[in-house]
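Fold and geometry: a report
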Amino acid sequence: MTSRIGFGIDIGGSGIKAAPVNLSESGQLAAERFRIPTPYPANPESVAGVLVDLVRHFEWEGPVGIALPSVVRSGIVHSAANIDESWIDVDAETLFSSLLKHDVVVMNDADAAGVAEMSFGAGAGCRGVAITLTFGTGIGSALFVDGYLVPNSELGHLEFRGESFERWAAASARKREGLTWRKWARRVSRYLQTVDALFSPDLVIVGGGASKSAERWVPLLDEVRPEIVVAEFANTAGIVGAAMASVRT
Ligand code: BGC
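Just so you know, these numbers come straight off a predicted model, no measurement behind them.

Focus on the domain arrangement of the protein chain
- Split into domains, the protein chain comes out as domain 1 (5-111 + 237-246) and domain 2 (125-231).
- For domain 1 versus domain 2, the separation of C-alpha centres amounts to 24 Å.
- Contacts between domain 1 and domain 2 engage nine residues on the former and 12 residues on the latter.
- Surface buried jointly by domain 1 and domain 2 totals about 770 Å² across both partners, of which 48% is contributed by carbon and sulfur atoms.
- Of all residues in domain 1, the largest losses of buried area upon contact with domain 2 belong to N82, A110 and D111, amounting jointly to 61% of the total for that side.
- At the surface where domain 1 touches domain 2, the tally comes to zero salt bridges.
- Elements that contribute at least two residues to the side of domain 1 that touches domain 2 include exactly β6 (72-73) and α3 (109-120).
- Tallied by class, the residues present in the side of domain 1 that touches domain 2 amount to four nonpolar, three polar and two charged.

Dropping the structure here:
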């Protein structure tokens, strides 16, 4: 089988990570992932400079998929919960494609992670309603019906006590407030109960940075009805999903 290679970039709060991805063989990276610290301020221009460096590092020639922690519709950024406000209303696809001189697809980071899990990981073959939730600085979500993505679901911003749920139940809240794993798992359980009450998912895939320590908190989840599975692409899901989207251009 000839291999089909895509290229994905995941823009995060602390690092911007990229790699070519082998899309014909279970979404494995085709080269070691390369990370550049996110510049400060992380505005569109400074981030674009890093993207140019990443593409150059891999000497990549071809379409590029980019995952961003925002609502993205038709390449335009519509929210900035954990990134610089100057991203709002930016046509990120046009900006990046003119600088990178390649076709570019920009999508929400959790949607990208979910696409990777549903295609090659913990959700492969799942019918019905499946939700990937990423626990990191915020809570990202990707909603699937029979394997089809409903983009930009933003379930981390369900309201809880007058704020976004992510403020209280993201992995960053555990660190910020010095919570034990048990206390934090109680919060995540509460969050999962809310998601269940609204969407009745058949499967929930828990991912993001916190999935690297899944054995410390997933067994502590309590009174959660849907089947919970741990993401298989902890660090690389965003890159893989973005790379998959790029080859559809
Ligand atoms: C953002 C989402 C993003 C999630 C994870 C949230 O604060 O609103 O767009 O997917 O963080 O990065």
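After that view of the structure, there is still more to cover.
Some thoughts on the packing of aromatic side chains
- Going through the model one piece at a time under the given rule, you end up with 12 aromatic pairs.
- With a centroid separation of 5.2 Å and an interplanar angle of 15 degrees, the aromatic rings of F7 and W60 are classed as stacked. Here the residue F7 occupies a position in strand β1 (residues 5-11), and W60 occupies one in the loop between α1 (44-57) and β5 (64-68), the gap between them amounting to 53 residues.
- The class for W60 is buried, based on a relative accessible area of 15%.
- Over the ring of W181 we find R174; its NZ or CZ atom is 3.7 Å from the centre of that ring.

Examining the sheet that holds strand β14 (residues 203-207)
- Strands sit in the order β11-β10-β9-β14-β15 across an open sheet of five strands; the sheet is mixed. Looking along the sheet, the strands with just one partner apiece sit at the ends: β11 (148-150) and β15 (227-230). Neighbour to neighbour, the strand axes of the sheet diverge by 25 degrees on average, direction disregarded.
- Inspection of the sheet shows strand β9 (residues 129-135) paired to strand β10 (residues 139-145) by seven bridges, in the antiparallel sense.

As for the site of the ligand
- Lining the immediate surroundings of the ligand are P69, S70, A81, N82, N108, D109, A110, I139, G140, E154, H157 and E166.
- P69 places a main-chain nitrogen or oxygen 3.5 Å from an oxygen atom of the ligand.
- Between the ligand and E166, the relevant distance is 2.9 Å, taken from an oxygen atom to a side-chain nitrogen or oxygen of the residue.
- Out of a free accessible area of 310 Å², the ligand has 93% covered by protein chains.
- Elements represented by at least two residues in the shell around the ligand include exactly α3 and β10.

What counts, and at which threshold
Residues numbered from 1 in each chain as written. Predicted model: local features only at pLDDT ≥ 70, side-chain atom pairs only at ≥ 80, totals over all residues. Heavy atoms only, no water. Domains from an automatic or database assignment. Contact = heavy atoms within 4.5 Å. Buried area = accessible area lost by both parts, 1.4 Å probe. Salt bridge = Lys/Arg side-chain N within 4 Å of Asp/Glu carboxyl O. Helix = DSSP H or I, 4+ residues; strand = E, 2+ residues; numbered from the N terminus. Nonpolar A, V, L, I, M, F, W, Y, C, P; charged D, E, K, R; others polar. Phe/Tyr/Trp six-rings, centres within 6.5 Å; stacked < 30°, edge-to-face > 60°. Buried < 20%, exposed > 50% of the residue type's maximum accessible area, 1.4 Å probe, protein only. Lys NZ or Arg CZ within 6 Å of the ring centre and 35° of its normal. Pairing = 2+ DSSP bridges. Axes fitted to C-alpha atoms, helices over the stretch in contact; angles between N-to-C directions. Near = heavy atom within 4 Å. Polar contact = N/O pair within 3.5 Å; in protein donor to acceptor, adjacent residues only side chain to side chain. Areas by Shrake-Rupley, 256 points an atom, 1.4 Å probe, with all protein chains shown as cover.

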